[in-house]
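Inside the fold
Take a look at the letters that make up each chain.
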Amino acid sequence: MHDAFGSGTLRAPFLEPEETMRFTAVALAFSLFALPSYAKGKKGPKDGQYCSKKAVGTTATDKSGNTLTCKADSKGKPRWTK
């Protein structure tokens, strides 16, 4: 079989080495750009923030080290309180 140039050799339709390096560099740049958003992790509860109904009566620690308890406020909505 002949390729489009008639040289008699077939080449895979992959990128040339320079293009492969450029593509890899761009992919790495985008992945590093997204990395800080994954590094933030899960934030803990805050005083006054809503908590789930399942969590009522439980305690948790916020990022400052304060102990918060999940209990109903005056309207019956569960919230984290100090």
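Before going into details, it helps to say that this report is about the structure given with it.

Along the chain, the regular secondary structure elements total one helix and three strands. Secondary structure elements in the chain, listed N-terminal to C-terminal, are α-β-β-β. Out of the 82 residues belonging to the chain, those deemed buried represent 11%. Working note: accessible area of the chain is about 7,300 Å², and carbon and sulfur atoms make up 61% of it.

Moving on, we get to the pattern of salt bridges. One pass over the full model with this rule turns up one salt bridge. Where arginine 79 meets aspartate 73, a salt bridge forms, and the shortest distance between an N and an O atom there is 3.0 Å. Here aspartate 73 falls in the partly exposed class, since its relative accessible area comes to 24%.

So, about the packing of aromatic side chains. On inspection of all chains with the given rule, the structure shows zero aromatic pairs. Geometry around tyrosine 50 places arginine 79 over its ring, the cationic atom sitting 4.1 Å from the centre.

Before going further, it helps to spend a moment on the sheet that holds strand E2 (residues 67–72). Pairing within the open sheet is antiparallel, and its three strands lie in the order E1-E2-E3. The sheet terminates laterally at strand E1 (59–61) and strand E3 (78–81), the two strands that pair on one side only. Across this sheet, the average inter-strand angle for adjacent strands is 30°, counted without regard to direction. With four bridges connecting them, E2 and E3 associate as antiparallel partners. Looking across to E3, one finds that alanine 72 is bridged to proline 78.

Conventions and cut-offs
Residues numbered from 1 in each chain as written. Predicted model: local features only at pLDDT ≥ 70, side-chain atom pairs only at ≥ 80, totals over all residues. Heavy atoms only, no water. Helix = DSSP H or I, 4+ residues; strand = E, 2+ residues; numbered from the N terminus. Buried < 20%, exposed > 50% of the residue type's maximum accessible area, 1.4 Å probe, protein only. Areas by Shrake-Rupley, 256 points an atom, 1.4 Å probe, with all protein chains shown as cover. Salt bridge = Lys/Arg side-chain N within 4 Å of Asp/Glu carboxyl O. Phe/Tyr/Trp six-rings, centres within 6.5 Å; stacked < 30°, edge-to-face > 60°. Lys NZ or Arg CZ within 6 Å of the ring centre and 35° of its normal. Pairing = 2+ DSSP bridges. Axes fitted to C-alpha atoms, helices over the stretch in contact; angles between N-to-C directions.

These figures come from the coordinates and say nothing about function on their own.
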